[in-house]
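Each chain, written out:
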Amino acid sequence: MSENPNLLAEQRRTLILDEVRRRGGVRVNELTRKLGVSDMTVRRDLDALARQGVLEKVHGGAVPVVEASTHEPGFEAKSGLEPTAKEDIARAAAELVAPGAAIALSGGTTTYALAHRLLDVPDLTVVTNSVRVADVFHVAQRTSGARQGAATVVLTGGVRTPSDSLVGPVADQAIATLHFDVLFLGVHGISAEAGLSTPNLAEAETNRRLVQSARRVVVVADHTKWGVVGLSSFAALDQVDTLVSDAGLPADARAEIAEHLGLVVAGEPETAD
């Protein structure tokens, strides 16, 4: 079988993962027909997705991994998931940031991608409880030297989580004394019933403080986060002003979200008038 030249490995794996999650399992021969690639290519893709821990290989195919509501993947594990969607979301979210604003970025791989997009926005004050996000700005300043308009970064302190966020009483107390124009919030899960949720109880409390200190709350979350519920809810959808997601978000989810908050779909192909 000749390989489909129009699909990159990342695109194939996203399609495979969506199919597995949607149908509850899929066979290799079904994927070869759907994607127009060889059995060997599909098996390599399944191996890669299994190593990331997002599906389980079974004889002849794959099934979803059923995660406990308390399971919290590490930063590196999450970094490999939906990279194109995260970049699209980061690009769209960066357009919501005005020069001179005081903003907050929570922990997460999508906010990490957003931080890179904000390096050229002048005179920002950035509050973050993410070691990774703070490092983006600090590394940029070290490599380019002191420059006019560089961001002022406030790192909250606290206890480090598997996703490299700082949480707990120290972080909560620091955040409670601050006020920022916009909060960009990464989430473990989002649903109409549970709202925003995380598997980490301490992180839930820190995220509540972030939401309370923000004049505007923008959630940045790819389509795979919709319908996921972690152990602890920390905000209802009505407490969010805008969700920035990607083109993989299904139509029924878009309709449900639009009942509660504004929706920006990043990476959607433009249609001709």
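Refer to the structure above for everything that follows.
Residues numbered from 1 in each chain as written. Predicted model: local features only at pLDDT ≥ 70, side-chain atom pairs only at ≥ 80, totals over all residues. Heavy atoms only, no water.

*Asks:* What's the story with the overall build of the chain in this structure? I'm lost.
*Replies:* Helix and strand counts for the chain stand at 10 helices and 15 strands. By residue count, 47% of the 273 residues in the chain fall in the buried class. Looking at the chain alone, contacts between residues at least 24 apart form 66% of all its contacts between residues at least 6 apart. Surface accessibility of the chain: about 13,000 Å² in total, with carbon and sulfur atoms responsible for 51%. (Helix = DSSP H or I, 4+ residues; strand = E, 2+ residues; numbered from the N terminus. Buried < 20%, exposed > 50% of the residue type's maximum accessible area, 1.4 Å probe, protein only. Contact = heavy atoms within 4.5 Å. Areas by Shrake-Rupley, 256 points an atom, 1.4 Å probe, with all protein chains shown as cover.)

*Asks:* For this particular structure, what's the right way to read empty space enclosed by the protein?
*Replies:* A water-sized probe, rolled over the atoms, reveals where empty space remains. Considering all chains together, one arrives at 1 cavity of 30 Å³ or more under this definition. As a volume, the largest cavity reaches approximately 40 Å³. Taken together, Leu-119, Phe-137, Ala-140, Gln-141, Arg-147, Ala-150 and Ala-151 make up the lining of the largest cavity. Split by residue class, the lining of the largest cavity holds 5 nonpolar, 1 polar and 1 charged. (1 Å grid on protein atoms, 1.4 Å probe; cavity = no way out; pocket = protein on both sides within 12 Å on 5 of 7 lines; lining within 4 Å. Points joined across faces, edges and corners; volume = space filled by probe spheres on them. Nonpolar A, V, L, I, M, F, W, Y, C, P; charged D, E, K, R; others polar.)

*Asks:* Please explain the environment of Glu-193 as it appears in this structure.
*Replies:* Within the secondary structure, Glu-193 is located in the loop between β10 (189-191) and β11 (195-198). Glu-193 gets classed as exposed once you look at its relative accessible area, which sits at 71%. Once the C-alpha coordinates of Glu-193 and Ala-236 are considered, the two residues, 43 residues apart in sequence, prove to be 8.2 Å apart.

*Asks:* Would you mind going over the side chain of Glu-19 with me for this structure?
*Replies:* Structurally, Glu-19 is set in helix α1 (residues 9-23). On the basis of relative accessible area, Glu-19 is assigned to the buried category, the value being 9%. Beyond its immediate chain neighbours, meaning those up to four positions away, Glu-19 contacts Gly-24, Val-26 and Lys-34.

*Asks:* Mind showing me how you'd approach the layout of surface pockets here?
*Replies:* As a volume, the second largest pocket reaches approximately 280 Å³. Along the walls of the second largest pocket sit 17 residues, with Gln-11, Thr-14, Glu-82, Thr-84 and Ala-85 positioned nearest its centre. For the lining of the second largest pocket, the secondary structure elements donating two or more residues are α1 and α5 (83-94). Counting residues per element, the lining of the second largest pocket draws most heavily on α1, at 5 residues. Of the residues assigned to the lining of the second largest pocket, the class counts are 6 nonpolar, 6 polar and 5 charged. Two domains each provide a minimum of three residues to the lining of the second largest pocket, namely domain 1 (9-64) and domain 2 (75-266). (Domains from an automatic or database assignment.)

*Asks:* What should I look at first to understand the pattern of salt bridges in this one?
*Replies:* Two side chains that carry opposite charge are able to pair once their charged atoms sit near each other. What the rule picks out here adds up to 10 salt bridges. Linking Arg-13 and Asp-45 is a salt bridge whose minimum nitrogen-to-oxygen distance equals 2.8 Å. Here the residue Arg-13 occupies a position in helix α1, and Asp-45 occupies one in helix α3 (residues 39-51), the gap between them amounting to 32 residues. Since its relative accessible area comes to 27%, Arg-13 is described here as partly exposed. Taking the shortest distance from any N to any O, the salt bridge between Asp-181 and Arg-215 comes out at 3.1 Å. Of the two residues, Asp-181 is situated in strand β9 (residues 180-186) and Arg-215 in strand β12 (residues 214-220); the sequence distance between them amounts to 34 residues. (Salt bridge = Lys/Arg side-chain N within 4 Å of Asp/Glu carboxyl O.)

*Asks:* How should I be thinking about the environment of Ser-213 in this particular structure?
*Replies:* Residue placement: Ser-213 occurs in the loop between α9 (201-212) and β12. Along the sequence, Ser-213 and Thr-177 sit 36 residues apart, while their C-alpha atoms lie 8.2 Å from each other. Leaving out residues up to four positions away in the same chain, Ser-213 has contacts with Ile-175, Ala-176, Leu-178, His-179 and Phe-180.

*Asks:* Help me understand the packing of helix α8 (residues 169-176) against α9, please; the structure alone is not making it clear to me.
*Replies:* Helix-helix packing is described using two parameters, namely the angle between the two axes and the distance between the axes. For the pair α8 and α9, interaxial distance at closest approach is 9 Å and the crossing angle is 5°. Classified by the interaxial angle, the pair formed by α8 and α9 is roughly parallel. The residues of α9 that touch α8, namely those facing Ala-171, Asp-172, Ile-175 and Ala-176, are Glu-205, Thr-206, Arg-209 and Leu-210. Partitioning the contact of α8 with α9 into residue classes produces 4 nonpolar, 1 polar and 3 charged. (Axes fitted to C-alpha atoms, helices over the stretch in contact; angles between N-to-C directions. Parallel < 35°, antiparallel > 145°, perpendicular 65-115°, else oblique.)

*Asks:* Would you explain the sheet that holds strand β3 (residues 61-64) in this entry?
*Replies:* Within a sheet, each strand pairs with its neighbour through backbone hydrogen bonds, oriented either parallel or antiparallel. Ordered by their spatial adjacency, 3 strands build an open sheet running β1-β3-β2, and the pairing between neighbours is antiparallel. Since the sheet does not close on itself, it has two edges, and those belong to β1 (26-27) and β2 (55-58), each with one partner. Examined bridge by bridge, β1 and β3 share 2 bridges and lie antiparallel to one another. Looking at the pairing, Val-26 lines up with Ala-62 of β3. Packed onto the sheet, α1 meets β1, β2 and β3 and runs at close to 65° relative to β3. Each of β2 and β3 is contacted by α3, which is oriented at about 135° to β2, the strand it contacts most. (Pairing = 2+ DSSP bridges.)

Any link to function would need more than the numbers given here.
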